[in-house]
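# Topology and contacts: notes
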Amino acid sequence: MRRLPLVTAAVLAGALALTACGSSDSGSDDDGGSGLSVGSAYMPQPVSDTMAAGFLVITNKGAAGDVLTRVTSEVAGEVTVHKTVGQTMAEAKSLDIPAHGELVLQSGGDHLMFEQLKRKPLEGQKVSVQLYFAKTSPITVEMPVKSATYNPKTGH
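This write-up is about the structure you can find in this document. Note that the coordinates shown come from a computational prediction; the quantities given were computed from them, not determined experimentally.

The rules we used
- Residues numbered from 1 in each chain as written.
- Predicted model: local features only at pLDDT ≥ 70, side-chain atom pairs only at ≥ 80, totals over all residues.
- Heavy atoms only, no water.
- Helix = DSSP H or I, 4+ residues; strand = E, 2+ residues; numbered from the N terminus.
- Contact = heavy atoms within 4.5 Å.
- Polar contact = N/O pair within 3.5 Å; in protein donor to acceptor, adjacent residues only side chain to side chain.
- Salt bridge = Lys/Arg side-chain N within 4 Å of Asp/Glu carboxyl O.
- Buried < 20%, exposed > 50% of the residue type's maximum accessible area, 1.4 Å probe, protein only.

## Things to note about the environment of Lys 83
By the element assignment, Lys 83 lies in strand β5 (residues 76-85). Sequence separation between Lys 83 and Ser 94 is 11 residues; the distance between their C-alpha atoms is 9.4 Å. In contact with Lys 83, other than residues within four places in its own chain, are Thr 88, Met 89, Ala 90, Ala 92, Leu 95 and Asp 110. One polar contact links Lys 83 to Asp 110, side chain to side chain, over a distance of 3.3 Å.

## A closer look at the pattern of salt bridges
In this structure the tally under the stated criterion is three salt bridges. Between Lys 120 and Asp 49 there is a salt bridge, with the nearest N and O atoms lying 3.6 Å from each other. Within this pair, whereas Lys 120 is found in the loop between β9 (111-117) and β10 (126-133), its partner Asp 49 is found in the loop between β2 (36-44) and β3 (51-60), the two being separated by 71 residues in sequence. Classification of Asp 49 as exposed rests on a relative accessible area of 57%. When the shortest N-O distance is used, the salt bridge between Glu 74 and Arg 119 registers 3.4 Å. Taken together, the positions of Glu 74 in the loop between β4 (66-73) and β5 and Arg 119 in the loop between β9 and β10 put the pair 45 residues apart, joining distant regions of the chain. Under the relative-accessibility criterion, Glu 74 is labelled partly exposed at 39%.

## Regarding the environment of Leu 95
Position of Leu 95 relative to the elements: it lies in strand β7 (residues 95-97). With relative accessibility at 4%, the residue Leu 95 sits in the buried group. Note: C-alpha distance between Leu 95 and His 82 (13 residues apart in sequence) is 9.0 Å. Once residues lying within four places of it in the same chain are set aside, the contact partners of Leu 95 are Asp 66, Val 67, Leu 68, Val 81, Lys 83, Leu 103, Leu 105 and Asp 110.

Here is the structure:
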């Protein structure tokens, strides 16, 4: 696992602190039959010119588990998946999606990091994200950019 430098982690922590855990109905996509679907996707408008966070929920209605193995986006040079344990963030190679369960990427928890931004996404825009899995075909999600202070519990 690669650890984020302290300054980067501090910037991200500030951005993540501005958003709360929860869900919304935006950014919903389906894989076309394997049992995986994606919802509650959003990106808070980044406070940094070089990185942004992303959140979503992958629901698995299938009888077999799967694994999120890679994420790409046209807006970033690299998209990494981060696990959060306590107050420590570390890059993860992959994240499990249990059968009949969910993988929740949320503020304060596991999340996506968009690094080396090619442009700074602005509120009201959408960011295209491709999710790759061990068993399922890739899923493309149009992730809406919300305000930096967006709270999915209230929708504001």
